[in-house]
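If you want the building blocks of each chain, they are given just below.
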Amino acid sequence: MPEMSVADEAELYLKTVADPGAEPGLYECLACFVSRRVEAVGCDRTRLWTQWFRDIKSPTATALEERLLKIGVYCDCDLARNGYRMSRHLLVRDLMTDELSLPDELPDCAGVRRTSTKPCDNWERKPLSEWEPGPH
Ligand SMILES: [Zn+2]
Ligand SMILES: [Zn+2]
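Residues numbered from 1 in each chain as written. Chains lettered and ligands numbered in written order. Predicted model: local features only at pLDDT ≥ 70, side-chain atom pairs only at ≥ 80, totals over all residues. Heavy atoms only, no water.

The chain is annotated in an unreviewed UniProt entry as DUF2695 domain-containing protein of Nocardioides endophyticus.

Let us now look at the coordination of the zinc ion (ligand 1). Only Cys43 (SG), Cys75 (SG), Cys77 (SG) and His136 (NE2) from the protein reach the zinc ion (ligand 1) as donors, at distances of 2.2 to 2.3 Å. Coordination geometry of the zinc ion (ligand 1): the four donor atoms subtend angles of 97 to 114° at the metal centre, consistent with an arrangement described as tetrahedral. Each donor residue of the zinc ion (ligand 1) belongs to the same chain, with the gaps between them written as C-x31-C-x1-C-x58-H. A residue pair is termed long-range when its members are at least 10 positions apart, and Cys43 in the loop between α2 (30-41) and α3 (48-57) and Cys75 in the loop between α4 (64-70) and α5 (76-83) qualify at 32 residues. Assessed through its relative accessible area of 5%, Cys75 is described here as buried. (Donors = N, O, S within 2.8 Å, 3.2 Å for Na, K, Ca; no water. Tetrahedral: all angles 85-135°; square planar, octahedral: opposite > 155°, others 65-115°. Helix = DSSP H or I, 4+ residues; strand = E, 2+ residues; numbered from the N terminus. Buried < 20%, exposed > 50% of the residue type's maximum accessible area, 1.4 Å probe, protein only.)

Right, let's talk about the nonpolar core for a bit. If you look at the biggest cluster of nonpolar residues, it comprises 25 residues, and the most contacted ones within it are Cys29, Leu30, Val34, Trp49, Leu68, Leu79 and Trp123. Every element with two or more residues in this core is listed here: α2, α3, α4, α5 and β1 (84-86). Ignoring anything within four residues of it in the chain, the contact list for Leu30 reads Thr50, Phe53, Leu64, Leu68, Leu79, Thr117 and Lys118. (Core = buried A, V, L, I, M, F, W, Y, C linked by side-chain atoms within 4.5 Å. Contact = heavy atoms within 4.5 Å.)

Most peptide bonds are trans, and most residues other than glycine sit at a negative phi. Phi is positive for Arg45, which is not a glycine, with a value near 70°. With respect to the helices and strands, the residue Arg45 is situated in the loop between α2 and α3. The backbone phi angle of Asp98 is positive, close to 65°, even though this residue is not glycine. When you line up the elements, Asp98 lands in the loop between β2 (92-93) and β3 (100-101).

Within the secondary structure layout, Cys120 lies in the loop between β3 and β4 (123-125). Separated by 91 residues in the primary sequence, Cys120 and Cys29 place their C-alpha atoms 5.8 Å from one another. Once residues within four sequence positions are removed from consideration, Cys120 is found in contact with Cys29, Cys32, Cys109, Ala110, Gly111 and Val112.

See below:
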């Protein structure tokens, strides 16, 4: 990841804290939080929201990023595309084609322990064999 200048970082920080939705909920999990933020502001090819979540909830979880890299998560939008996928029980079945697809809106987080960096029951690990290249 390229080093950010102090000015970039300050700007990003201001953008981050100015938005009331930018704080993870008390029991909100990493995957729900990051998906919610990517949906709201997009992915800037970094793991900004992942790191933000870690810093707020679980600053000692320093192995988190390494764990995510191992499961193919290189940026925030990768988390819900390559690291995890929505659990089957949340998918919506198309009555015409019988195919399962994602619900229109993100379901509420099922909740995790306050300092956990694991996803809630809404998510399951996606096998690396199904890794897909992202939009960037
Ligand atoms: Zn991304
Ligand atoms: Zn969740």
